[in-house]
Structures are given as C-alpha cells and as structure tokens.
Amino acid sequence: MFEMFFSTYINSTIRFLFLLAPFFAVSMFIALTRGLPAAEKASIIRRACIAASVMGVILFFGGPLLFSAIGITLDSFRIGAGTLLFLTAISLVTSGTRNHATGLPEEDRDDIAVVPLAVPVMIGPATIGAILVYGAELKAVPEVAGGLFGLISGLLILGILLHLSGYLEKALGKTGLNILSKISGLVLSAMAAEIVLTGITGFIASTGLSGA
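Residues numbered from 1 in each chain as written. Predicted model: local features only at pLDDT ≥ 70, side-chain atom pairs only at ≥ 80, totals over all residues. Heavy atoms only, no water.

**Student:** Mind laying out the overall build of the chain, listing which residues take part and the relevant values?
**Tutor:** Secondary structure assignment for the chain yields eight helices and zero strands. Going from the N terminus to the C terminus, the chain shows its helices and strands as α-α-α-α-α-α-α-α. Principal-axis analysis of the C-alpha atoms gives the chain an extent of 60 × 35 × 30 Å. Across the 212 residues of the chain, 44% fall into the buried class. (Helix = DSSP H or I, 4+ residues; strand = E, 2+ residues; numbered from the N terminus. Buried < 20%, exposed > 50% of the residue type's maximum accessible area, 1.4 Å probe, protein only.)

**Student:** Mind laying out the pattern of salt bridges, listing which residues take part and the relevant values?
**Tutor:** When their charged atoms lie close together, side chains carrying opposite charge are able to pair. For the structure on display, the rule yields four salt bridges. Among the ionic pairs, Arg78 bridges to Asp75, the shortest N-O distance being 2.5 Å. Within this pair, Arg78 and its partner Asp75 are both found in helix α4 (residues 74-95), separated by three residues, close to a single helical turn. Several salt bridges share partner residues, and in doing so they unite Asp75, Arg78 and Glu137 into one network. (Salt bridge = Lys/Arg side-chain N within 4 Å of Asp/Glu carboxyl O.)

**Student:** Please give an account of the confidence of the model for the chain that cites residues and values.
**Tutor:** On average, the chain scores 91 in pLDDT, and the residues at 70 or more come to 93%. At the level of individual helices and strands, the chain shows its lowest average pLDDT in helix α5 (residues 113-122), which scores 92, and its highest in helix α7 (residues 141-163), which scores 97. (pLDDT = per-residue confidence, 0-100.)

**Student:** Explain the packing of aromatic side chains to me, and be specific about the residues and the numbers.
**Tutor:** Applying the stated rule across the entire model yields seven aromatic pairs. A centroid spacing of 6.1 Å and a plane angle of 80° characterise the contact between Phe5 and Phe149, whose relative ring orientation is edge-to-face. Taken together, the residues span a long stretch of sequence, with Phe5 in helix α1 (residues 2-19) and Phe149 in helix α7 at a distance of 144 residues. Given the relative accessible area of 22%, Phe5 is considered partly exposed. The partly exposed category is assigned to Phe149, whose relative accessible area is 49%. For the ring pair Phe60 and Phe61, a centre distance of 5.2 Å and an interplane angle of 85° mean the geometry is edge-to-face. An aromatic cluster of three or more residues is present, and its members are Phe2, Phe5, Phe6, Tyr9 and Phe149. (Phe/Tyr/Trp six-rings, centres within 6.5 Å; stacked < 30°, edge-to-face > 60°.)

**Student:** Now, about α4: what can you tell me, with residues and values included?
**Tutor:** Working note: α-helix, 3.6 residues per turn, so residues spaced by three or four point in the same direction. A rise of 1.5 Å per residue sets the reference length of α4, with its 22 residues, at 32 Å; its end C-alpha atoms lie 31 Å apart and thus fit the reference within 8%. Considered for burial, the residues of α4 that qualify are Asp75, Phe77, Arg78, Ala81, Gly82, Leu85, Thr88, Ala89, Ser91 and Leu92. Tucked into the core, α4 has its buried residues touching α1, α2 (22-33), α3 (38-70), α6 (125-137) and α8 (165-207). Backbone geometry just after α4 places Gly96 at a positive phi near 80°. (Expected span 1.5 Å × (residues − 1). Contact = heavy atoms within 4.5 Å.)

Rendered as structure tokens:
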C-alpha cells in the first residue's frame, strides 16, 4: 500500500509540476510584479498558491461527477484534454509562453494573485483538463492520496520557485527562463500524446472496434 502511495506521489508530483509550466509562471510573475516590494510579492505568491490549490483540489475530485453530469466518457475527455494540452505544449516550445496567457503583464489589475497569476498562468484550460483526467484515473485510496499530495507538492515547489524568481532571473536571464519553458513544453507534448493515445485506445476497446 505504501509503495503504491509513494510511486503515485512521485509520479504525480512530476506530472503536476510540468503541467503548471513553472518557468513560464516565473517569467510571468517577474513581469507582473516588477517594482513591487518583497513583502507584497510574498503575499501575492501565498494567495496565488492558495487559490490554485483550492481550484486544483476541486478539479482533482470533480472529474467523475463532471463526466457523469455531461454524459461523456473519460476516454473522450482524455482525447479532448490531451489535444488542448498538446496545443499548449506547442506554444511553449515555439514561443516559451502558454497560448492562452500572452500579453497579461500589460493588464491593469488591482489584485493579480488570483487573476491572472493563479488562473490562467498557473492553472490554464489545458491544465484544468489534465487535472480532471488524472484525478478520475486514480481509483484506489493510496493512489488518490498519492495523487492529491503530488498536486499539493507541485504547487509548493512552484511557490518556492516564485519566491526565488529574482535569483533565477539573475542566474538564468530572460533567455534562460525561455529555454527552460520550451523544454517544459517538450515534456508536456509527450504527456499530451500519452493522454490522447490512452483515450483512443480505451475508446476503441469500449466500442469493440479492435476486434472488427
């Protein structure tokens, strides 16, 4: 039981961390908070991580209910969510930014912690779909616990990176962060392909086409 929990936890932490596109989030945070005092930056990070955690947990457990209410299968949602995630991966690889979150630093907002930092920078449409899928895939209690703690750990690691954003900017520069965002996009593309192929395989098996 512990081995199942631990393996799921490690796997989920890595998956969720890449889904959050951490280096893109760092770049956006730097742009959105440039010139703000350290105390205010820390407050923004705390509120953004709390908002993202609440939303992430709701999505993690809400997948089966949503699929049942809409009347779609998990495999169908895998194909849709994986396709959307693949588009995000392409955007990260080509430009180092999420395709739904360009131009956000120029927006004039009173509070950037929830919008746009938590949503859609940290948790965008593709991430929402992937969290719904991963949450619905886990059945056994150790797996669910490992996945949930993996989600929280991924957000904690992202929070630490945001706290270190000033040091990362000095060490890596804008170009370095952009390169790391593109590398994250490559990993996301592989994750997207896995989700889509799993959905297609499951859909074919459920319809009996594989034996035709």
